Amino acid sequence: MGWLAWERFRCNTDCKNDPDNCISDKLFRTMTNLVVSEGYAAVGYEYINVDDCWLEKERNYNGELQADRVRFPYGMRSLSDYVHSKGLKFGIYEDFGNYTCAGYPGVLGYLQKDAETFALWDVDYVKLDGCYSHPTEMDRGYPEFGYHLNRTGKQMMYSCSWPVYQIYAGMSPNFSSIIQNCNLWRNFDDIQDSWSSVESIIDYYGNNQDSIVPNAGPGHWNDPDMLIIGNFGLSYEQSKTQMAIWAILAAPLLMSVDLRTIRPEYKAILQNRKIIAVDQDPLGIQGRRIYKHKGIEIWSRPITPLYQNYFSYAIAFVNRRTDGTPSDVAVTLKELGLSSPTGYRIEDLYEDVDYGVLTYQTKIKVKVNPSGVVVLRADVQPQVRRPVYPVKTPYRPLSQIFRVENDDF
């Protein structure tokens, strides 16, 4: 969880004409401050990630990477130290190629040197893109760079673009190796600031879930890309849907938004503790689309707590229709796969309504707005044990006052 510059600020390097929004030391320190002061850190957002366009166009005379001297005048170690001083973690971007996607120096030919540089800068997170490289070389190159990162002794989260470039090249990625070498990875297109982009990602993960879901688990995650909530392209309902589906997908939550200007209702979505708890559930099981018909989808994710062999669940009802009126969806808990005889406590995570404990035969009905979502949490209940009381002699008050004998009169 954290904040990432790319989708909102892209490769804006014009600090002369746009000093407040260019990729610069100032921008990242400002966002670092806001992540803390505006409550994002308190709910779990902890990484401040620099993306492309932070570099000089050439390495220094020792062959080392160097930050743009005008836009990052204090260097990356200084920025890293500042982020750490606020209790956060620092992430950086590079590319397994001759150049980054924006044309800055890549790591190819400098894998060990660049890994050591990142360790010297006290980096906590490295994203390695795949522009200007051969997909056939990635099966060797990405693990090799990960090896050099580990050799530094500095623990760094490793984000790989390895599979998506191979998929685009018509190759079948070796996910056994990807899982072993990367902490998270991209499978699909870069997200854009539009609902159609979010929908395409949702469809990709739903349509390909049988091959995608098994690869996810604690320490190794599918990454559907950034949260664009609070920008220009999503309505309020669509923003709630992105946050909910990303939580069902057990996705990294990396928001890319201007935290200086975000409206309160979008901030509340990003800081919804109950949705975040679903996303960060310790089981790390990625959810699935379990129903799709006439624009209505239902997504389900097993979560804690467990009782015996029964999971709890997060359920997202998504309305993909655009006909302008909310849709009613009615279904029993059993039809959703919730079959524990002990029942489930049901809570609406956006409306903050607790419906109490319901049995699996109970039919629930939700009203879902167009392009919107309803998210329910169903916590399985433990077996209710009835108290056992000792058997007592029937109460006879007279016998306690008078001792009656059976005599003949």
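Residues numbered from 1 in each chain as written. Predicted model: local features only at pLDDT ≥ 70, side-chain atom pairs only at ≥ 80, totals over all residues. Heavy atoms only, no water.

Draft legend 1. Local environment of the side chain of K240. Mapped onto the fold, K240 is located in helix α10 (residues 236-248). One buried charged residue, K240, remains without a salt bridge, the closest side chain of opposite sign being E237 at 4.1 Å. Once you skip the residues sitting within four places of it in the chain, K240 turns out to touch I269, Y350, E351 and V373. (Helix = DSSP H or I, 4+ residues; strand = E, 2+ residues; numbered from the N terminus. Buried < 20%, exposed > 50% of the residue type's maximum accessible area, 1.4 Å probe, protein only. Lys, Arg positive; Asp, Glu negative; His and termini not counted. Salt bridge = Lys/Arg side-chain N within 4 Å of Asp/Glu carboxyl O. Contact = heavy atoms within 4.5 Å.)

Draft legend 2. Representation of the environment of E116 within the structure. Inspection of the secondary structure puts E116 in helix α4 (residues 111-120). Here the alpha-carbon distance between E116 and C101, two residues 15 residues apart in the chain, equals 22 Å.

Draft legend 3. Highlighting the pattern of salt bridges. Evaluation of the coordinates by the stated rule reveals 27 salt bridges. With a closest N to O distance of 3.1 Å, E199 and R320 form a salt bridge. With E199 in helix α8 (residues 195-207) and R320 in the loop between β11 (310-319) and β12 (327-332), this pair connects stretches of sequence that are 121 residues apart. Judged on exposure class, the residue E199 and its partner R320 are both buried. Salt bridges sharing common partners tie together E199, D203, E297 and R320.

Draft legend 4. Summary view of helix α3 (residues 76-85). Of the residues making up α3, those classed as buried are M76, L79, S80 and V83. Buried residues in α3, looked at end-on, bunch into an arc of 100°, giving them a common side. Turning to α3, the residues buried within the fold contact α2 (25-37), β2 (47-49) and β3 (89-95). G87 occupies a position one or two residues after α3 and carries a positive phi of about 85°. (Arc of directions from axis to C-beta.)

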